[in-house]
Amino acid sequence: MSVDAGGEEIVDAELVDKGQDVVPVNEPAPRLLVDLHTVLFPGQELPTTANRPKYTMRDLQLSPETAAKLQASDPAETGPMKAFKKWCEDKGHVAVPCSTTTFTEYAAHLMSRDLKASTIKNYMSLVRTAMPPGKKPDNSLYLRLLASYRRDNKRALRRREAFPITLSYLVPMMEKAEAGGRPIGIRDAALFAFGYMFLGRSREDVDMEIEDLTILVDRMNVWLAEDKTHKGEEQTIPLRDRPDVQLIGRMGRWLEYLADHGITSGPVFRHLLKNGIPATAETRAKKAPVRGLHLRPHVVNERVKYWFAKAGLVGDGRPVTSHGLRAGAATDLAENGATTQELEEAGRWAAGSPVVRLYVRPAQAQKKNAFDKIPVHDPTKRT
């Protein structure tokens, strides 16, 4: 049976095995497919329904590999979306597709938790993106709430900065990690040295491949396909060695350890089993199917916190995180006279990035004090 629905033919058909043609149950006689916009070249015949392609299951079903990649990048599986679904379940709202009212109420819920405005904006964007096409909620009411929130809650605008792990903190951490000679300590010390010298974002560090590194006597060349600032723009970044960081020695020891276990390609920084042996692809496929052999960024956070405490170091109240390696290098550079442009280039920040000023301004302020112009008061002298 064939039904014409608004110019589209609906055919009564049945599914067939993979590789077989899809054959209508009652195949209709071919009919012309022409309208006033049809254009034929000399010698061409009038198109009919018989000229249409015949699809099989091969044309419709994704491969397991492609399906797995799509599922891994599904916006519905992000942390913010899972939190939104849980909130909807608790409050009796429909999560997908959600109504504009539900979307707006959830924004108000996030604001009641005194989250940063930028965090709320990011979460709400991820929730809206996860909705089916054509069924995304109107965000105008939520944006009105956010504008009021930004105006009335100034703390919501404050950046939550990581504690900068400068050289005076970095070196003791690396020495403590290596003291026992354990493989995990060798890995962590290499990771910290690399993160500091590369000024890498956490994800860039753990995504690095052995093939991306060229180690020379006094430096290491790092190939980067792209970064947050330079999309689609590859770079080769030279990292010169230093006697305090000892990047070449520490990275060399870690890569040599991997080579002793037959690993000469793939992720640089990997998970280790309790016995110190690098985890296999089969093991990681079960425990971390998305990241696989690559170390997860949150693991770097944990290792930074661990060795910071083990080295007996004390911060100033700001959170100790993996971002502190990048912040520490930027702070050391700024406090030792690096210009804004030099910082932008070293950390691959966009020109004019406000983040760079967060490092440069405090460093400059420490070097000059307007009150130095005032003579120290001497009570023995009277004017």
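Before any of the text, the structure's been laid out above.
Quick notes on the pattern of salt bridges
Item 1. Overall, the coordinates contain 12 salt bridges when judged by the stated rule.
Item 2. As a salt-bridge pair, Glu178 and Arg250 come within 3.0 Å of each other at their nearest N and O atoms. Here Glu178, found in helix α7 (residues 167-178), pairs with Arg250, found in helix α10 (residues 247-260); they are 72 residues apart in sequence, far enough to count as distant.
Item 3. Judged by its relative accessible area of 21%, Glu178 falls in the partly exposed class.
Item 4. Given the relative accessible area of 3%, Arg250 is considered buried.
Item 5. Linking Glu204 and Arg348 is a salt bridge whose minimum nitrogen-to-oxygen distance equals 2.9 Å. Here Arg348 lies in the loop between α14 (340-347) and α15 (354-367) and Glu204 lies in helix α9 (residues 202-207), a separation of 144 residues in the sequence. Accessibility classification places Glu204 together with Arg348 in one group, the buried group.

Structural notes on the sheet that holds strand β5 (residues 235-240)
Item 1. Ordered by their spatial adjacency, three strands build an open sheet running β3-β4-β5, and the pairing between neighbours is antiparallel. The sheet is open, and its two edges are formed by β3 (213-215) and β5, each paired on a single side. Strand after strand, the sheet turns through a mean of 20 degrees between neighbouring axes, direction not considered.
Item 2. Pairing geometry for strand β4 (residues 219-224) and β5, over six bridges, is antiparallel. Each residue of the ladder has a partner; that of Val222, found in β5, is Ile237.
Item 3. The strands touched by helix α8 (residues 183-198) are β3, β4 and β5; relative to β5, the strand with the most contacts, the crossing angle is about 115 degrees.

Considering the side chain of Asp188
Item 1. Considering the arrangement of structural elements, one finds Asp188 in helix α8.
Item 2. When neighbours within four sequence positions are excluded, Asp188 is seen to be in contact with Arg303 and Trp307.

Some thoughts on the packing of helix α5 (residues 117-129) against helix α6 (residues 140-152)
Item 1. Direction vectors running N to C along α5 and α6 enclose 170 degrees, while the axes themselves pass 10 Å from each other. Here α6 runs roughly antiparallel to α5, going by the angle between their axes. In the crossing of α5 with α6, the sense of the turn from one axis to the other is right-handed. In this structure, α5 uses Ala117, Ile120, Lys121 and Met124 to contact α6, whose residues at the interface are Tyr142, Leu146, Tyr149 and Arg150.

Quick look at the packing of aromatic side chains
Item 1. Enumeration over the complete set of coordinates arrives at 10 aromatic pairs.
Item 2. Ring plane angle 85 degrees and centroid distance 5.7 Å describe the contact between Phe103 and Tyr142, whose orientation is recorded as edge-to-face. Placement of the pair is Phe103 in helix α4 (residues 100-112) and Tyr142 in helix α6, with a sequence separation of 39 residues. You'll find Phe103 and Tyr142 in the same group, each marked buried.
Item 3. Taken together, a centroid distance of 5.8 Å and an interplanar angle of 75 degrees make the contact between Phe163 and Phe308 edge-to-face. Residue Phe163 is located in the loop between α6 and α7, and its partner Phe308 is located in helix α12 (residues 297-310); the two are separated by 145 residues in the primary sequence. Summarising the burial analysis for this pair, Phe163 and Phe308 share the class buried.
Item 4. Taken together, the ring pairs connect Phe84, Trp87 and Tyr106 into an aromatic cluster.
Item 5. Here the guanidinium or amino end of Arg303 rests over the ring plane of Tyr306, the centre of that ring lying 4.8 Å away.
Item 6. Positioned above the aromatic ring of Trp349, the side-chain terminus of Arg326 is 4.1 Å from the ring centre.

Digging into the state of the cysteines
Item 1. Considering all chains together, one arrives at zero disulfides under this definition.
Item 2. Summary of cysteine pairing: Cys88 is not part of a disulfide, and the nearest cysteine sulfur, belonging to Cys98, is at 6.7 Å.
Item 3. Using a relative accessible area of 1% as the deciding quantity, one classes Cys88 as buried.

Some details on α4
Item 1. Over its 13 residues, α4 runs 19 Å from end to end, which matches the ideal 18 Å to within 8%, given 1.5 Å per residue.
Item 2. Restricting attention to buried positions, one finds in α4 the residues Thr102, Phe103, Thr104, Tyr106, Ala107, Leu110 and Met111.
Item 3. Buried residues in α4 make contact with α3 (79-91), α5 and α6.
Item 4. Trailing α4 by a residue or two, Asp114 shows a phi angle of about 60 degrees, which is positive.

Some remarks on a nonpolar patch on the surface
Item 1. Together, Leu32, Val34, Leu40 and Leu46 give the surface a local cluster of nonpolar side chains, amounting to about 340 Å² of exposed area.
Item 2. Residue position: Leu46 is located in the loop between β2 (8-11) and α1 (57-60).
Item 3. With a relative accessible area of 47%, Leu46 lands in the partly exposed category.

What to know about the environment of Asp332
Item 1. Here Asp332 shows up in helix α13 (residues 323-335).
Item 2. Residue Asp332 is classed as buried on the basis of its relative accessible area, which comes to 14%.
Item 3. Asp332 sits 31 residues away from Ala363 along the chain, and the two C-alpha atoms are 9.0 Å apart.
Item 4. Residues in contact with Asp332, not counting those within four places in the same chain, are Thr166, Leu167 and Tyr196.

Description of unusual backbone geometry
Item 1. Residue Pro97 follows Val96 across a cis peptide bond; omega there is -15 degrees.
Item 2. Positive phi, normally seen in glycine, also occurs at Gln246, with a value near 55 degrees.
Item 3. With respect to the helices and strands, Gln246 occurs in the loop between β5 and α10.
Item 4. Gln246 sits in the partly exposed class, given a relative accessible area of 35%.

The rules we used
- Residues numbered from 1 in each chain as written.
- Predicted model: local features only at pLDDT ≥ 70, side-chain atom pairs only at ≥ 80, totals over all residues.
- Heavy atoms only, no water.
- Salt bridge = Lys/Arg side-chain N within 4 Å of Asp/Glu carboxyl O.
- Helix = DSSP H or I, 4+ residues; strand = E, 2+ residues; numbered from the N terminus.
- Buried < 20%, exposed > 50% of the residue type's maximum accessible area, 1.4 Å probe, protein only.
- Pairing = 2+ DSSP bridges.
- Axes fitted to C-alpha atoms, helices over the stretch in contact; angles between N-to-C directions.
- Contact = heavy atoms within 4.5 Å.
- Parallel < 35°, antiparallel > 145°, perpendicular 65-115°, else oblique.
- Left-handed = near helix turned anticlockwise from the far one by under 90°.
- Phe/Tyr/Trp six-rings, centres within 6.5 Å; stacked < 30°, edge-to-face > 60°.
- Lys NZ or Arg CZ within 6 Å of the ring centre and 35° of its normal.
- Disulfide = S-S within 2.5 Å.
- Expected span 1.5 Å × (residues − 1).
- Patch = residues over 30% accessible without salt bridge, like charges linked within 9 Å, V, L, I, M, F, W, Y side chains within 5 Å.
- Areas by Shrake-Rupley, 256 points an atom, 1.4 Å probe, with all protein chains shown as cover.

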